[in-house]
Each structure stands twice: as structure tokens, then as C-alpha cells.
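Structure assessment
The primary structure of each chain is shown beneath.
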Amino acid sequence: YWGWNAEEAQRIKIPTLVMLGEFDELNASNQDLYADLGSEQKVFISIACGSHFLVWERNHGALHEASRQWLTNGSFNGASRGEFRIGGENPK
């Protein structure tokens, strides 16, 4: 995953949010990276109907809202750890 390996990812101890569209071709490598992160506070979010260009797609609001929550509270919907999927129309 982008020149990283499992050993380097394990050294990451800071809170980390990983998000991507469900149809992003990097999905598998992002899930591997998330699994290897050494941080106790880590969240993985897959956003429905999105690709690698999610910021310009219909569900971009979900990306923005999840980012806002993480940067403001250090959590997503109150959780500071876990894997989540955002789907449906106008997700928040």
C-alpha cells in the first residue's frame, strides 16, 4: 500500500481515520493498511456508491461529515474504533 509495509503501518500510533468509496480499486490495500495500523484509536469507513473520486461524487457529503466528526471529536458516530459502512441517499 503506497510503499508502506505492515511493519511501518504497525508503528503508526496516532488516531487514524481511513475512508474510501466501496468501488475504489484501492479498497483491499486500504483494508490491509487499516488492519496493520498500530493505533488503538482507528476507524475504517466504506461509503456506498463511491469510487476513488468520492470527493466529487453524489455521496461526498458523507465523506465531509465523517471527516468533520473525526477532526472535531476523534470519533465517528461516537466510536473511536471500528469498521463502518455509510450507504443510502444523502448519507450523514
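Residues numbered from 1 in each chain as written. Predicted model: local features only at pLDDT ≥ 70, side-chain atom pairs only at ≥ 80, totals over all residues. Heavy atoms only, no water.

If you tally the helices and strands in the protein chain, you get three helices and three strands. When the helices and strands of the protein chain are read in sequence order from the N terminus, they spell out α-β-α-β-α-β. Compactness check: the protein chain gives a C-alpha radius of gyration of 13 Å against a globular reference of 12 Å for 92 residues, within 12% of the reference. In terms of principal-axis extent, the alpha carbons of the protein chain reach across some 40 × 30 × 15 Å. Among the 92 residues that make up the protein chain, the fraction classed as buried is 41%. Here the contacts in the protein chain between residues at least 6 apart in sequence split such that 71% fall between residues at least 24 apart. (Helix = DSSP H or I, 4+ residues; strand = E, 2+ residues; numbered from the N terminus. Rg over C-alpha atoms; globule rule 2.2 N^0.38 Å. Buried < 20%, exposed > 50% of the residue type's maximum accessible area, 1.4 Å probe, protein only. Contact = heavy atoms within 4.5 Å.)

Below, the discussion takes up the packing of aromatic side chains. All chains considered together, the criterion is met by three aromatic pairs. Aromatic side chains Tyr34 and Phe44 sit 5.7 Å apart centroid to centroid with 55° between the ring planes, which places their arrangement in the tilted category. In this pair, Tyr34 is assigned in helix H2 (residues 27-36) and Phe44 in strand E2 (residues 42-47), connecting sequence segments ten residues apart. A relative accessible area of 6% means that Tyr34 is categorised as buried. Residue classification places Phe44 among the buried positions, given a relative accessible area of 3%. Their ring planes at 35° and their centres at 6.3 Å tell us that Phe53 and Trp56 sit as a pair that is tilted. Directly above the aromatic system of Tyr34 lies the positively charged group of Lys42, at a separation of 4.8 Å from the ring centroid. (Phe/Tyr/Trp six-rings, centres within 6.5 Å; stacked < 30°, edge-to-face > 60°. Lys NZ or Arg CZ within 6 Å of the ring centre and 35° of its normal.)

The final tally for this structure, using the stated rule, is two salt bridges. One salt bridge in this structure joins Arg85 and Glu22, with 3.3 Å as the shortest N-O distance. In this pair, Arg85 is assigned in strand E3 (residues 82-86) and Glu22 in the loop between strand E1 (16-21) and H2, connecting sequence segments 63 residues apart. The partner of Glu65 in a salt bridge is Arg68, and the shortest N-O contact between them spans 2.7 Å. One end of the pair is Glu65 and the other is Arg68, both in helix H3 (residues 60-73) and three residues apart, which spans about a single turn. Judged by its relative accessible area of 43%, Arg68 is partly exposed. (Salt bridge = Lys/Arg side-chain N within 4 Å of Asp/Glu carboxyl O.)

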